[in-house]
Amino acid sequence: MENQHFVKVRNVTKQYSMAEGQTLVALDDVNLTIARGEFAGVVGPSGSGKTTLLNLIGSLDQPSTGSIKVMGQHLESLNAKASAEFRNKHVGFIFQTYNLLTIYSVFENVELPLLLLGYSAAQRREAVMEALEWVGLADRAKSKPGQLSGGQNQRVAIARAIIKKPQLVLADEPTANLDTKNSNHILDIMAKINRELGVTFLFSTHDDKVISYLRRKITLHDGRVTTDEVIDAHH
Amino acid sequence: MLTIKLAMRNILGAGLKTWLNVAVLSIAFVTIIYTQGIYLGMNEQASTALVKVYYGGGQYWQKDYDPYDSFSLEESHAPLTPELETFVQQDQATPILCALATAFQGSRIIPVQLKGIPPDQKILDLPTAALNDETEMIPALIGTRMAKSAQLNVGDLLTIRWRDVHGVYDAADVKIVHIMRTTVSTIDASVLWLPLQQMQKMYDLQDEATLAVLTQTVQPVAVTADWRFVPPEELLADIKEMVQQKTIAASIMYVLLLFLGLIAVFDTQVLAVFRRRREIGTLIALGMTRARVIKIFTLEGILNGLLALLVGALWGAPLIWMFARSGMAMPDFVDNMGIAIGERIYPVYGAGLILGTSILVMISVAIVSFMPTRSISHLSPTDALKGKHR
Ligand SMILES: Nc1ncnc2c1ncn2[C@@H]1O[C@H](COP(=O)(O)OP(=O)(O)O)[C@@H](O)[C@H]1O
Ligand SMILES: [Mg+2]
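On a predicted model such as this, the values are computed, not experimentally measured, just so you know.

The rules behind these values
Residues numbered from 1 in each chain as written. Chains lettered and ligands numbered in written order. Predicted model: local features only at pLDDT ≥ 70, side-chain atom pairs only at ≥ 80, totals over all residues. Heavy atoms only, no water. Helix = DSSP H or I, 4+ residues; strand = E, 2+ residues; numbered from the N terminus. Rg over C-alpha atoms; globule rule 2.2 N^0.38 Å. Buried < 20%, exposed > 50% of the residue type's maximum accessible area, 1.4 Å probe, protein only. Contact = heavy atoms within 4.5 Å. Areas by Shrake-Rupley, 256 points an atom, 1.4 Å probe, with all protein chains shown as cover. Lys, Arg positive; Asp, Glu negative; His and termini not counted. Charge placed at Lys NZ, Arg CZ, Asp CG, Glu CD. Axes fitted to C-alpha atoms, helices over the stretch in contact; angles between N-to-C directions. Parallel < 35°, antiparallel > 145°, perpendicular 65-115°, else oblique. Nonpolar A, V, L, I, M, F, W, Y, C, P; charged D, E, K, R; others polar. Domains from an automatic or database assignment. Left-handed = near helix turned anticlockwise from the far one by under 90°. 1 Å grid on protein atoms, 1.4 Å probe; cavity = no way out; pocket = protein on both sides within 12 Å on 5 of 7 lines; lining within 4 Å. Points joined across faces, edges and corners; volume = space filled by probe spheres on them. Buried area = accessible area lost by both parts, 1.4 Å probe. Salt bridge = Lys/Arg side-chain N within 4 Å of Asp/Glu carboxyl O. Expected span 1.5 Å × (residues − 1). Arc of directions from axis to C-beta. Pairing = 2+ DSSP bridges.

## So, the overall build of chain A
1) Next: A count of helices and strands for chain A gives 7 helices and 10 strands.
2) Next: For 235 residues, the compact-globule formula gives about 18 Å, and the C-alpha radius of gyration of chain A, at 18 Å, lands near that figure.
3) Next: Along the longest, intermediate and shortest principal axes, the C-alpha atoms of chain A span 50 × 45 × 40 Å.
4) Next: Among the 235 residues that make up chain A, the fraction classed as buried is 54%.
5) Next: In chain A, of all internal contacts separated by at least 6 residues, the share reaching a separation of at least 24 is 69%.
6) Next: As displayed, chain A offers around 10,200 Å² of accessible surface, 47% of which is attributable to carbon and sulfur atoms.
7) Next: In chain A, the 26 positive side-chain charges and the 25 negative ones have mean positions that sit 6 Å from each other.

What follows is the structure, given as structure tokens:
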């Protein structure tokens, strides 16, 4: 039961008030459940509400109406501190623009979530090196993000997202700034992490390369879920 | 602890910008201490000198005496009260009679103030014993300023004319018996010191005085309404105020410097909140609360101040220590300011000054560090992640 309703989105609407009293409906009565271990993607054109949905599931924002339950926790009941703790412990974020801290080394970037969790220096070192192994960047620990390629930066971001062994990784258009080779590389890495560590992945994308990796494709259109299909493709 | 670690990492990572802020702040910090120390030293030196040669442990003033109104001198004399007389008998006070006179030096006419004092007094650190030397003529003791302005040497005669208590004019020659060096212009410029008894005779003011200086070790007592005790603090209030005014004038420079440093930090903070909003969003996504992000950003600003104190101590301490030890030569113009200071002034850098300045710098840096970060508290993390700022 808990595994089946790992993420449960109930009648969620998100509206933004615009100038002159108008409201923009970014999400419109969305219902969705995601099971533990899925490798799913929210697909749709730009502006369809993908980022909004991921941010709500990641407890970075609150829905206007409806409720979201992740790992048994009602996100709307969390206060600022509890939702920060929820993100810190359970959710890894990956962004289109990598969002690494440029003055930090690769090591320091990946280490940051563990610092927040209060791990000891030795524990952090071991975990960082392990995470960097996963993304194939163990030899670049001392580099600064500026010295790495876009693909490498995104791999550092993946390492940062998985270092705390989160149950859920939310990846918002992770390949949008990458070429085919790098896109496939990071998708291979994420698929492997999903398979071997059991981490649930939820993507937002309109990139066919990403879609070809997905095992479930949820299509959003103007804030509404239009199709939700399981893909059996084995590549 | 983590907050400090991250803030430190951030500002050291910012490199040049941080060191520029730190440099300006540390210069302001050291300059404040440096200048304040000079004025504190001036005040202390001037006060010590004045107490030694004129103010003693306080003065009893005849009720009409007003040091700022020389015409008051005509009225301000009275016999000492029995209590004051006892003090004088016990070598715990010395009477001084003040009066106006005119000196004739060649073709020049110089208005002077005569101060009569017992030559044997032990209260004030003045070479009044020299007034015992002469028996035939009225001996006079002067300071170097007076000697210079009236071109007088030891042994010279000076004709003075005065009007006694009955309004009768009289004249006599006085003989310069000694020229003293003093930093205190109040007892020097246009002043002739005479033996008290002779001066009392000249003015026909037997046993009268204008003021009585107490030693520093004795407690003042209440006397008749004809006399008023003026404690040393009140006597020194003028000099304190004068130094304070000069301090304020000097402080404009370092207030400007401090202001510059604060603007630099403020600017860094405003820019940080604006330019680093994607980083702010990321930190929140990684599990920080906004309150924690505000703490980190504020601390970054504050660390600028702390580094400035550290860097300032590193280069400022040896400099300031050197100045405090060897003093600094005072230019001549200082004398014209009417402050009694030696030829060298020894700045005083006390713990109070250093602590006070550090606190001033830190509090002002903390304020300009915190203010810009407050806007983070209503920054939505999703907007921040998009690089938007509403
Ligand atoms: N903070 C906001 N204020 C106003 N409108 C917003 C805000 N965030 C998103 N939107 C709007 O909501 C809609 C969905 O946005 P988004 O979730 O970013 O779409 P996607 O990620 O699919 O491109 C868009 O029309 C967008 O302009
Ligand atoms: Mg988007």
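Having seen the structure, we can now continue with the description.
## Examining the packing of helix H1 (residues 2-14) of chain B against helix H2 (residues 16-55) of chain B
Residues and elements named next belong to chain B.
1) Next: Where H1 meets H2, the axes come as close as 5 Å, and the angle between the chain directions of the two elements is 95°. The orientation of H1 with respect to H2, classified from their angle, is roughly perpendicular. Across the interface between the two elements, Ile11, Leu12 and Ala14 of H1 pack against Leu16, Lys17, Thr18 and Trp19 of H2.
2) Next: Class assignment for the residues of the contact of H1 with H2 results in 5 nonpolar, 1 polar and 1 charged.

## With respect to the domain arrangement of chain B
When the parts of a complex come together, some accessible area is lost, and that lost area is often taken as the interface size.
1) Next: Taken domain by domain, chain B holds domain 1 (2-51 + 238-386) and domain 2 (58-230).
2) Next: One C-alpha centre belongs to domain 1 of chain B, the other to domain 2 of chain B, and the line joining them spans 50 Å.

## Examining the packing of H1 of chain B against helix H8 (residues 290-326) of chain B
In helix packing, the relevant descriptors are the interaxial angle and the interaxial distance, both defined with respect to the helix axes.
All names here are of chain B.
1) Next: Where H1 contacts H8, the two axes come as close as 8 Å, and the packing angle between them is 60°. In terms of orientation, H1 and H8 fall into the oblique class. For the pair H1 and H8, the crossing hand works out as right-handed. On the side of H1, the interface is formed by Leu2, Thr3, Ile4, Leu6, Ala7, Met8, Asn10, Ile11 and Leu12, while H8 contributes Arg292, Lys295, Ile296, Leu299, Glu300, Leu303, Asn304 and Leu307.
2) Next: Of the residues contributing to the contact of H1 with H8, the split by class is 11 nonpolar, 3 polar and 3 charged.

## Focus on empty space enclosed by the protein
Residues and elements named next belong to chain A.
1) Next: One pass over the full model with this rule turns up 1 cavity of 30 Å³ or more.
2) Next: Counted as a void, the largest cavity has a volume near 60 Å³.
3) Next: Lining the largest cavity are Ala127, Glu130, Ala131, Trp134, Ile162, Ile163, Lys165 and Leu197.
4) Next: Top contributing element to the lining of the largest cavity by residue count: helix H4 (residues 121-134), with 4 residues.
5) Next: Per-class residue counts for the lining of the largest cavity are 6 nonpolar, no polar and 2 charged.

## Notes on the interface of chain B and chain A
1) Next: With 22 residues of chain B at the contact, the number on the chain A side is 25 residues.
2) Next: Both faces considered, chain B and chain A share a buried interface measuring about 2,100 Å² in area, 65% of it formed by carbon and sulfur atoms.
3) Next: Among the residues of chain B in contact with chain A, Arg9, Leu286 and Thr382 of chain B are the three that bury the most area, contributing 30% of the side total.
4) Next: One can count 2 salt bridges joining chain B with chain A.

## Some points on H4 of chain A
1) Next: With 14 residues, H4 of chain A extends 20 Å between its outermost C-alpha atoms, agreeing within 8% with the 20 Å of an ideal straight helix rising 1.5 Å per residue.
2) Next: Residues of H4 of chain A that are buried: Arg124, Ala127, Val128, Ala131, Leu132 and Trp134 of chain A. One side of H4 of chain A holds all its buried residues, which, seen down the axis, span an arc of 145°. Exposed residues lying more than 90 degrees from the buried face of H4 of chain A are Ala122, Arg125, Glu126 and Glu133 of chain A.
3) Next: Residues of H4 of chain A that are buried sit in contact with helix H3 (106-117), helix H5 (150-162) and helix H6 (180-197) of chain A together with H1 of chain B.
4) Next: Looking one or two residues beyond H4 of chain A, the residue adopting positive phi is glycine 136 of chain A, at roughly 70°.

## Some points on the sheet that holds strand S4 (residues 65-70) of chain A
All names here are of chain A.
1) Next: The strand order across the open sheet formed by 4 strands is S2-S1-S4-S5, and the pairing between neighbours is antiparallel. Looking at which strands have only one partner, the edges of the open sheet turn out to be strand S2 (23-34) and strand S5 (73-74).
2) Next: In the sheet, S4 pairs with S5 via 2 bridges, with the strands oriented antiparallel. Its bridge partner being in S5, lysine 69 is matched across the sheet by histidine 74.

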